[in-house]
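What the coordinates show
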Amino acid sequence: MPLSKRARDYGLICGTLSPGPLNAITDVAGVSVGHRTIRDGDIRTGFTAVLPHGGDLFREKVRAGVDVINGFGKSAGLMQLAELGQIETPLLLGNTFSVATGIEALVGRALAGNPEIGRSTGTVNSLVLECNDGFLSDIRARRLTVADADAALDAAKSGPVGEGAVGAGTGMSAFGFKGGIGTASRLIELDGRSFTVGVLVQANFGNAGDLVLPDGRRPVPPAASPVQPPERGSVIIILATDLPLESRQLTRIARRCGAGLARLGAFWGNGSGDIAIAFSTAGRIAHFDEADLVPLTVLNENRIDLAFRAAAEATQEAVLNAMLAAPGTVGRDGNRRPSLADCL
């Protein structure tokens, strides 16, 4: 599908750091993204898959951290991720009632590829994250299946990332506009080397009238009510980097994604599920490593501010890219969301 105009095409520049070549999470080498999009009658939904690398993640895990900015959500696998600081399956993004389906798909794949699971070694921690697409899609239909999750995983590829109303972003809303999937990246220099921080968001949060653009404008959707309901949206943020980091540092960086949301006018309402996961592709963790001690190279903590800045800037821009790529949409029961692109 042709790529839509993005924030920079509208002169909307978030921060001061330079983006990567694709300005996408896939600027981080080895990371791939796939979508399964479903539009059928009152259904506007889908899955989005993010793969930290193309190998077997159970056998070669990546270090990771998670920050639950506001915990009104039903995601799976976050508790073990927070405890062990590792990711051992792809990440699946879907809607609220598809979490169990996503788990089934990820567990099935892990079992098929690893006969040791549940026998000579432990079980597997699948990561499934969600936002509620019930305003534009009939979420009660529970349309998403294991086959849909598999399709998103099989579609994962490097290169440009589809944005807007695709995959898990198909039925999303943001600041009263159409929301969706968006991505962005930033380059940082450390010890004379270039590293990449990439972000992908599932944007489904924010009240109409709260959005603040980088140039100070505050666009309001046409016909938006002056009295807004309580903030009950959600946002999932996946951050990837090739910086060598340990899980505690990744948790700190994930937390700074919230600064990017705040720049847009978000305040993380009581009914909002806002979750950020960060992982590093540098230095995989072998599941069957027999050594008692393993080497680990990590970033000097006194140099971490650049990664903090990159996380905030890329998150802010990824949300804007999601909204600008998403067309105006009519969904379930005639519910409507206009496109931000039509209001600039």
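Up top you'll find the structure we're talking about.
Now for a quick tour of the structure. From a predicted model like this one, the values you see are computed outputs, not experimental measurements. (Residues numbered from 1 in each chain as written. Predicted model: local features only at pLDDT ≥ 70, side-chain atom pairs only at ≥ 80, totals over all residues. Heavy atoms only, no water.)

Observations regarding the overall build of the protein chain
Across its full length, the protein chain holds five helices and 14 strands. Its C-alpha atoms give the protein chain a radius of gyration of 19 Å, near enough to 20 Å, the size a compact globule of 344 residues would have. For the protein chain, the spread of C-alpha atoms along the principal axes amounts to about 65 × 45 × 35 Å. Expressed as a percentage of the 344 residues in the protein chain, the buried residues total 56%. Looking at the protein chain alone, contacts between residues at least 24 apart form 80% of all its contacts between residues at least 6 apart. (Helix = DSSP H or I, 4+ residues; strand = E, 2+ residues; numbered from the N terminus. Rg over C-alpha atoms; globule rule 2.2 N^0.38 Å. Buried < 20%, exposed > 50% of the residue type's maximum accessible area, 1.4 Å probe, protein only. Contact = heavy atoms within 4.5 Å.)

Details of the packing of helix H2 (residues 99-113) against helix H3 (residues 146-154)
Think of two packed helices as two axes; the pair is described by the angle between the axes and how far apart they sit. H3 packs onto H2 with a crossing angle of 60° between their chain directions and a minimal axis gap of 8 Å. The angle between the axes of H2 and H3 places the two elements in the oblique class. Handedness of the H2/H3 crossing: right-handed. Within the contact between the two elements, H2 uses Thr-101, Glu-104, Ala-105, Leu-106 and Arg-109 and H3 uses Val-146, Ala-149, Asp-150, Leu-153 and Asp-154. (Axes fitted to C-alpha atoms, helices over the stretch in contact; angles between N-to-C directions. Parallel < 35°, antiparallel > 145°, perpendicular 65-115°, else oblique. Left-handed = near helix turned anticlockwise from the far one by under 90°.)

Some remarks on the state of the cysteines
This model, assessed by the stated rule, comprises zero disulfides. No disulfide involves Cys-14; its sulfur sits 13 Å from that of Cys-257, the nearest cysteine. Judged by relative accessible area, Cys-14 falls into the buried class, the value being 0%. (Disulfide = S-S within 2.5 Å.)

Geometric values such as these leave the question of function open.
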